[in-house]
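Coordinate analysis (summary)
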Amino acid sequence: MATERQDKERGREHPKGRSGAGSTALARGGRVRLDQPRAPQRKLLPEYDPEAFGRLSERVARFLGTGRFIVWMTLIIIVWVIWNIAAPRPLRFDPYPFIFLTLMLSLQASYAAPLILLAQNRQDDRDRVTQEQERKQNERSIADTEYLTREIAALRIGVGEVATRDWIRSELQDLVRDLVEHRVVFPTEGGHGREESDR
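The text that follows walks through the structure, step by step, so that each part is easy to find. (Residues numbered from 1 in each chain as written. Predicted model: local features only at pLDDT ≥ 70, side-chain atom pairs only at ≥ 80, totals over all residues. Heavy atoms only, no water.)

We now examine the packing of helix H4 (residues 67-86) against helix H5 (residues 99-160). At their nearest, the axes of H4 and H5 sit 11 Å apart, and the two run at 160° to each other. The angle between the axes of H4 and H5 places the two elements in the roughly antiparallel class. When the axes of H4 and H5 are compared, the crossing they make is right-handed. When H4 is examined against H5, the residues Phe69, Met73, Ile77, Trp80 and Val81 are found in contact with a partner set consisting of Phe100, Leu101, Met104, Leu105 and Gln108. When grouped by side-chain class, the residues that make up the contact of H4 with H5 number nine nonpolar, one polar and no charged. (Axes fitted to C-alpha atoms, helices over the stretch in contact; angles between N-to-C directions. Helix = DSSP H or I, 4+ residues; strand = E, 2+ residues; numbered from the N terminus. Parallel < 35°, antiparallel > 145°, perpendicular 65-115°, else oblique. Left-handed = near helix turned anticlockwise from the far one by under 90°. Contact = heavy atoms within 4.5 Å. Nonpolar A, V, L, I, M, F, W, Y, C, P; charged D, E, K, R; others polar.)

Here you go:
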């Protein structure tokens, strides 16, 4: 309470009081309040959504690149020229040199070119992102392939050290061949075994 009284005596309001008056008083003192959002600043230019404008430019550029646009533009020019030649003189709004038609076509071209460039820039940005994603995917695929190659090589080395059926069979055949060459006779039930010799 003592601090509130001292603040009121100094002409400032306690922070627990109204936030608007306190913030203006502190702002006049040269300090900026960090616990309160800034007041929205007025802008002279109108704000617009760049994504919405970009989508509109792509739609317009896509329409300008179709045969439908060429057909419509050709029909409008033909009607324009025929009207300004065949209509009664007071109803003609663009006489023979067709200066207004030239101005309208120039205006249309001057707007169409930046819209097409904007659409191409957006497409280039999308292509760049797609290429970056594909490059990362290719790097992951290469890393996975190298890992699988190392694993297969380790399995081949491991399998090479395992005794297979064919190897055991060949070893037994070699052993039987050695026994036959030395003519070892195994002992029978009733007697002792004897070893035949060529002596």
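Further remarks concern a nonpolar patch on the surface. Together, Trp83, Leu91, Phe93, Phe100, Leu103, Met104, Leu107 and Tyr111 give the surface a local cluster of nonpolar side chains, amounting to about 830 Å² of exposed area. Among the elements that take part in the nonpolar patch, H5 stands out by supplying five residues, more than any other. Its place among the elements puts tryptophan 83 in helix H4. Owing to a relative accessible area of 39%, tryptophan 83 belongs among the partly exposed residues under this scheme. (Patch = residues over 30% accessible without salt bridge, like charges linked within 9 Å, V, L, I, M, F, W, Y side chains within 5 Å. Areas by Shrake-Rupley, 256 points an atom, 1.4 Å probe, with all protein chains shown as cover. Salt bridge = Lys/Arg side-chain N within 4 Å of Asp/Glu carboxyl O. Buried < 20%, exposed > 50% of the residue type's maximum accessible area, 1.4 Å probe, protein only.)

On to the packing of helix H3 (residues 50-64) against H5, then. The N-to-C vectors of H3 and H5 enclose an angle of 110°; their axes lie 8 Å apart at closest approach. Judged by the angle between their axes, H3 and H5 are roughly perpendicular. Every pair of crossing elements has a handedness; the one defined by H3 and H5 is left-handed. Taking contact as the criterion, the partners of Pro50, Glu51, Phe53, Gly54, Arg55, Ser57, Glu58, Val60, Ala61 and Leu64 in H3 are, on H5, Gln108, Ala112, Leu115, Ile116, Leu118, Ala119, Arg122, Gln123 and Arg126. Considering only residue class, the contact of H3 with H5 consists of 10 nonpolar, four polar and five charged.

With that settled, the discussion passes to the packing of aromatic side chains. For the structure shown, the criterion picks out four aromatic pairs. Measuring from centroid to centroid gives 5.7 Å for phenylalanine 63 and phenylalanine 69, while their planes differ by 75°, and the two rings are edge-to-face. Relative to phenylalanine 93, the ring of tryptophan 80 has its centre 5.0 Å away and its plane inclined at 75°; by these criteria the two rings are edge-to-face. Of this pair, tryptophan 80 sits in helix H4 while phenylalanine 93 sits in the loop between H4 and H5; the two residues are 13 residues apart in sequence, bridging distant segments of the chain. Counting every residue linked through ring pairs, the aromatic cluster contains Trp80, Phe93 and Phe100. (Phe/Tyr/Trp six-rings, centres within 6.5 Å; stacked < 30°, edge-to-face > 60°.)

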